[in-house]
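# Observations on the model geometry
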Amino acid sequence: MRKFILSILGLTFVTMVSAQNIQLHYDFGRNIYSDEESDRQKVTVTLEHFKADSWGSWYYFFDVDLTSNVTRSIYTEISREIKLGKESPFAAHVEYNGGLWHAPANGNGSYQQAGLFGFAYNGHNADFSKTWSVQALYKQFIKSYDGTHSFASFQLTGVWGLNFLDNKMTFSGFIDLWRGEKGDSYGPDKKGHGMLVLLTEPQLWYNFNKHLSVGTEIEISNNFIVNFYKNNDKTFFVNPTLAVKWNL
């Protein structure tokens, strides 16, 4: 649940240089994959914030995953873009990824941290009803806990927002492709075995007004979710949600 600020800009960019929203998602993943994702969170709360300035923009989000009795995890991405020329669609991009998690069987820990930098190409149509961004980034993973290690990687990211039906509907989302390593998820004995990780989260919203929206998100991934179920080696998952969003 992240990187949807471009769809907000499609509604507000003409008169605003900052935007913020909070989303509440009920996740159906554990119902669809009752074995592989039996411990998946039921609810995710997402807070996003975007602010533009004369140099570029700041953006961050926090995902808080909740179960019936514990806060499962808190994950964040924080990025800064600096425009490469006043009217240029290109920008320098710097980003941090990281967070904390709690697992009843394993105690507390952290996500493997990563720092990213590279370039973004940002665009929109005349009335900002269509917005997009393409990013090419170097990604440096940092040793964060036992079984992980520092390694160099890359990430390609696409972000889009489309408002239609007189801004009553919004289709937005992102797609990430990066190089991960199986050792990060499957144990240090396989450390160093590279793999491509795919994650995309398209969202569809019905906008009742400029503040309230209801809709869905579909998390589609490969090699992203750790499958602890021993009877298969499934890596591809589709996890839909039912969601409500409030634009502040």
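Structure shown above.
Attention here is on the structure that accompanies the text. Sequence order sets the numbering: in each chain, residues are counted from 1 along the sequence as written. Only residues with pLDDT of 70 or above have their local features reported here, since the model is predicted, and side-chain atom pairs are shown and tallied only from 80 upward, although totals for entire chains, interfaces and linings are computed over all residues. As a rule here, side-chain values come from all non-hydrogen atoms in the structure, and water together with hydrogens is ignored.

### Considering the overall build of the protein chain
Helix numbering and strand numbering both begin at the N terminus, where a helix is a DSSP run of H or I of at least 4 residues and a strand a DSSP run of E of at least 2. Within the protein chain, the secondary structure is distributed over 3 helices and 14 strands. Within the protein chain, the proportion of its 248 residues that are buried is 44%. Working rule for contacts: check all heavy atoms of both residues, and any pair within 4.5 Å makes them a contact. Once local pairs closer than 6 in sequence are excluded, the contacts in the protein chain between residues at least 24 apart make up 52%. We get accessible surface area from the Shrake-Rupley algorithm with a probe of 1.4 Å; when it comes to residues, only the shown protein chains can shield them. In the form shown here, the protein chain has an accessible surface area of approximately 12600 Å², with 64% of it arising from carbon and sulfur atoms. Under the scheme applied here, a residue whose accessible area is under 20% of the maximum for its type counts as buried, over 50% as exposed, and between as partly exposed, the area being computed with a 1.4 Å probe on protein chains only.

### Describing the pairing of strand β2 (residues 43-52)
Two strands pair under a simple rule: DSSP has to find at least two bridges between them. Bridge analysis of strand β1 (residues 18-27) against β2 gives 9 bridges, and the strand direction is antiparallel. Pairing of Leu24 across the sheet is with Val45, part of β2. Direction of pairing for β2 relative to strand β3 (residues 56-66): antiparallel, over a ladder of 10 bridges. What sits directly across from Phe50, in β3, is Tyr59.

### Overview of the pattern of salt bridges
Definition used for salt bridges: Asp or Glu carboxyl oxygen within 4 Å of a side-chain nitrogen of Lys or Arg. Across all of its chains, the model carries 5 salt bridges by this definition. The residue Glu37 makes a salt bridge to Arg40 at a minimum N-O spacing of 3.3 Å. Relative accessible area serves as the criterion here: at 2%, Glu37 is assigned to the buried category. Several salt bridges converge on common partners, so that one network encompasses Asp27, Glu37, Arg40 and Glu219.

### Here we look at unusual backbone geometry
Phi at Asp166 takes a positive value of approximately 55 degrees, unusual for a residue other than glycine. Mapped onto the secondary structure, Asp166 falls in the loop between β9 (151-164) and β10 (169-181). For Asn223, which is not glycine, the phi torsion reads 65 degrees and is therefore positive. With respect to the helices, strands and loops of the structure, Asn223 is situated in the loop between β13 (212-222) and β14 (236-247). Taking relative accessible area as the criterion, Asn223 reaches 18% and is therefore assigned buried.

### Comments concerning the environment of Leu47
With respect to the helices and strands, Leu47 occurs in strand β2. Relative accessible area serves as the criterion here: at 27%, Leu47 is assigned to the partly exposed category. Through-space distance from the C-alpha of Leu47 to that of Ile22 is 4.5 Å; in sequence the pair is 25 residues apart. Among all residues touching Leu47, those that are not within four sequence positions of it are Gln20, Asn21, Ile22, Tyr60, Phe61 and Phe62.

### Focus: the environment of Phe237
Within the secondary structure, Phe237 sits in strand β14. Given the relative accessible area of 0%, Phe237 is considered buried. Among all residues touching Phe237, those that are not within four sequence positions of it are Tyr33, Glu36, Glu37, Glu219, Ile220, Ser221, Ile225 and Asn227.

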